[in-house]
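Geometric and topological summary
Now for the letters of each chain:
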Amino acid sequence: MASHLPGGADPSENRRVQRSQGFAEEVLNIIRSDIMSLRIPPDTRISIDHLARELGVSQTPIREALSMLEAMGLVTKRHYIGYCSAPQLNRKRLDELYEMRQLLEPYAARRTAQRMTPEMAETLRRLSGTMEPKNEVESYDQFAQLDAELHDAIAAGSGNDIIQESLSRLHAHFHIFRLRFHSEVTREAYLEHERLVNALTSGDADGAEQAMRDHIQKSYDRLLPFARD
Ligand SMILES: [Zn+2]
């Protein structure tokens, strides 16, 4: 297994974190972004010492960030090795992930359409609007974050906490965007979200269920060529 040596990519790049309010969060965001963009490759040891030096912080915020990333499923802690970036999804995991999503998310979308309120509609429109390609979302992992928030808001709208928690525990969006990220993907996903949000906010239960099913199927089709066996 390779070892990650931060700072190897571009020596002129200054990644030192300023100590200020929210700096622990900034450390978390940097490492998360490194994992999402594959700057830290999958299945690779993450050196706490190197990251601390590179970011100019003590080991404590790095350890905290890594334990949060472990909860998000992006890093794993291994005996005698320490923290490692999670492996990329293989074909089996990808299939299982999408099977689970197809079981839960179209149903959640149907329920959410039936329970739609003006507040929910506004949240959904705001989230899908932020992902519009002209807004030039800063980074891949930010798009993943917004996609996760939109899907989570729909799951929450169903009113079924267990469905929402089960979907949230999959951390599907981080894994998906790590497998393949491309600007075409964001454009296509944006249009699919628009159709979905239109059906949801107009209280069209059948339309919302179908739009979610199609969105998940298309997302799977986009990823399939990139999953290894
Ligand atoms: Zn989506």
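Check the entry above for the structure.
Rules behind the numbers
Residues numbered from 1 in each chain as written. Predicted model: local features only at pLDDT ≥ 70, side-chain atom pairs only at ≥ 80, totals over all residues. Heavy atoms only, no water. Axes fitted to C-alpha atoms, helices over the stretch in contact; angles between N-to-C directions. Helix = DSSP H or I, 4+ residues; strand = E, 2+ residues; numbered from the N terminus. Parallel < 35°, antiparallel > 145°, perpendicular 65-115°, else oblique. Contact = heavy atoms within 4.5 Å. Nonpolar A, V, L, I, M, F, W, Y, C, P; charged D, E, K, R; others polar. Phe/Tyr/Trp six-rings, centres within 6.5 Å; stacked < 30°, edge-to-face > 60°. Buried < 20%, exposed > 50% of the residue type's maximum accessible area, 1.4 Å probe, protein only. Donors = N, O, S within 2.8 Å, 3.2 Å for Na, K, Ca; no water. Tetrahedral: all angles 85-135°; square planar, octahedral: opposite > 155°, others 65-115°. Expected span 1.5 Å × (residues − 1). Bend = angle between axes of the 7 residues up to and from the residue.

1. Things to note about the packing of helix 1 (residues 23–36) against helix 8 (residues 172–179)
For any two helices packed against each other, one specifies the crossing angle of their axes together with the interaxial distance. Across the interface, helix 1 lies against helix 8 with an axial gap of 9 Å and an inter-helix angle of 50°. Regarding the angle of helix 1 to helix 8, the classification is oblique. Here helix 1 contributes R32, I35 and M36 to the contact with helix 8, which in turn contributes F174, F177 and R178. Taken together, the residues that form the contact of helix 1 with helix 8 break down as 4 nonpolar, no polar and 2 charged.

2. Describing the packing of aromatic side chains
In this structure the tally under the stated criterion is 1 aromatic pair. Between Y98 and Y220, the ring centres sit 5.5 Å apart and the planes meet at 55°, which makes this aromatic pair tilted. In this pair, Y98 sits in helix 4 (residues 91–114) while Y220 sits in helix 10 (residues 205–223), placing the two residues 122 residues apart along the sequence. For Y98, a relative accessible area of 3% puts it in the buried group.

3. Overview of the coordination of the zinc ion
Within the protein, the atoms that donate to the zinc ion are D147 (OD), H151 (NE2), H193 (NE2) and H215 (NE2), at distances of 2.1 to 2.4 Å. Coordination at the zinc ion is irregular, judged from the 4 donor atoms that bind it and the angles of 85 to 169° they form at the metal. For the zinc ion, the single-chain donor residues occur in sequence as D-x3-H-x41-H-x21-H. Linking D147 in helix 6 (residues 140–157) with H215 in helix 10, this pair joins segments that are 68 residues apart in sequence. By relative accessible area, which is 7% here, D147 ends up buried.

4. Describing helix 4
Between the first and last C-alpha of helix 4 there are 35 Å, a value that for 24 residues agrees with the 34 Å anticipated at 1.5 Å per step. The largest bend in helix 4 amounts to roughly 30° and is located at Q102, with the proline P106 lying one to four residues further along. Among all positions of helix 4, only L94, L97, Y98, R101, L104, E105, P106, A108, A109, T112 and A113 are buried.

5. Concerning the environment of D152
Mapped onto the fold, D152 is located in helix 6. Sequence separation of D152 and E165 is 13 residues, and the distance between their C-alpha atoms is 9.1 Å.

By themselves, these observations are geometric and do not establish any function.
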